[in-house]
Amino acid sequence: MGKGYTASLERLMELLSRMPGVGEKTAERLAYHVLRLSAQEAAELADAIREVKERVKQCSSCFHFSESDPCAICSDPRRDRSTICVVEQSRDVVTMEQSNYDGLYHVLCGRLAPLDGMEPEDLTVSRLVERVGDGQVREVILACNADMEGEATALYVHEALKGLPLKVSRLARGIPSGSQLEYANAAVVTEALEGRRTMNREPETEQNRQVRDR
Ligand SMILES: [Zn+2]
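Residues numbered from 1 in each chain as written. Predicted model: local features only at pLDDT ≥ 70, side-chain atom pairs only at ≥ 80, totals over all residues. Heavy atoms only, no water.

Enquirer: How do you make sense of the nonpolar core when you look at a structure like this?
Expert: Soluble, globular proteins show a tendency: their nonpolar side chains are buried together. Ranked by internal contacts, the top residues of the largest apolar core, which has 40 residues, are V87, M96, V132, V140, L142 and L171. If you list the elements that add at least two residues to this core, you get β3 (80-87), α4 (90-96), β4 (103-107), α5 (125-132), β5 (139-142), α6 (148-160) and α7 (186-194). Here this core takes 4 residues from β3, the largest share from any one element. Once residues lying within four places of it in the same chain are set aside, the contact partners of M96 are C85, V87, Y101, Y105, A143, L171, L181, V189 and L193. (Core = buried A, V, L, I, M, F, W, Y, C linked by side-chain atoms within 4.5 Å. Buried < 20%, exposed > 50% of the residue type's maximum accessible area, 1.4 Å probe, protein only. Helix = DSSP H or I, 4+ residues; strand = E, 2+ residues; numbered from the N terminus. Contact = heavy atoms within 4.5 Å.)

So this is what it looks like as structure tokens:
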């Protein structure tokens, strides 16, 4: 940071600039904005940050962020318990909820990205296998992103579920290849969900698998 700022202003700018999408210029603008807030407005902002950290936890069943455990979705008796939609991050649940999907979720809390140090054991896959093991689940929908890491993650989860008596499907490529679920709108998500394809339709010969994958 440049010279001429007070120490506390510089500290605020430094912290703000660590946020995603915030460069030094934006951090400076935000910090000066905070400076112009009334004492009460500034306190509200600080409280909101503190509160979100204190109150929001992860659901112990699906790992979605929640202020209750189990989360509102897991504890809703109207949700279809025979379907679990697997997403990379909690934010993707919010995107999927724009569609007409009414099953449960499982948040992986990341994606396979060995270069970034994300290994299979960092994901919540073993917990997913436990969850589907109760025999209630008939279908697992893999809604990982349609980019390279997302595909690798989907394949890994598919592999982990192999042999279990359930259908595993993958969201259709309605979501433009290489893009992130979080940027999709309601219509696109609904379309991708409705056009989902089965990954493990059994019995299956090598030949018809190749036809399907073409
Ligand atoms: Zn939950």
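Enquirer: Explanation requested: the packing of helix α1 (residues 7-16) against helix α2 (residues 24-36) in the structure shown.
Expert: The geometry of a pair of packed helices is captured by two quantities: the angle between their axes and the separation between those axes. At a minimum axis distance of 9 Å, the contact between α1 and α2 shows a crossing angle of 130 degrees. Comparing their axes, α2 and α1 come out oblique. In this structure, α1 crosses over α2, and the sense of that crossing is right-handed. Contacts from L9, L12, M13 and L16 in α1 reach A27, E28, L30, A31, Y32, V34 and L35 in α2. In the contact of α1 with α2, the residues fall into 10 nonpolar, no polar and 1 charged. (Axes fitted to C-alpha atoms, helices over the stretch in contact; angles between N-to-C directions. Parallel < 35°, antiparallel > 145°, perpendicular 65-115°, else oblique. Left-handed = near helix turned anticlockwise from the far one by under 90°. Nonpolar A, V, L, I, M, F, W, Y, C, P; charged D, E, K, R; others polar.)

Enquirer: Just to check I follow, could you spell out the pattern of salt bridges for this structure?
Expert: Side chains that differ in sign of charge can pair as their charged atoms come close. Inspection of the entire model under this criterion finds 13 salt bridges. Note that E28 and K25 form a salt bridge whose closest N and O atoms lie 3.3 Å from each other. On the criterion of helical spacing, the pair formed by E28 and K25 is a turn pair, its members being 3 residues apart in helix α2. Its relative accessible area of 63% is what places K25 among the exposed residues. A salt bridge links D76 to R78, with the shortest nitrogen-to-oxygen separation between them at 3.1 Å. Relative accessible area serves as the criterion here: at 70%, R78 is assigned to the exposed category. Bridged by salt links that share partners, the residues E88, R111, D147 and E149 form one connected network. (Salt bridge = Lys/Arg side-chain N within 4 Å of Asp/Glu carboxyl O.)

Enquirer: Where do I start with the pairing of strand β6 (residues 167-170) in this structure?
Expert: Looking down a regular strand, the side chains alternate between one sheet face and the other. With 4 bridges joining them, β5 and β6 adopt parallel strand pairing. Of the residues in β6, the one forming a bridge with V140 is V168. In the sheet, β6 pairs with strand β7 (residues 197-198) via 2 bridges, with the strands oriented antiparallel. Each bridged residue has a counterpart across the sheet, and for R170 the counterpart in β7 is R197. (Pairing = 2+ DSSP bridges.)

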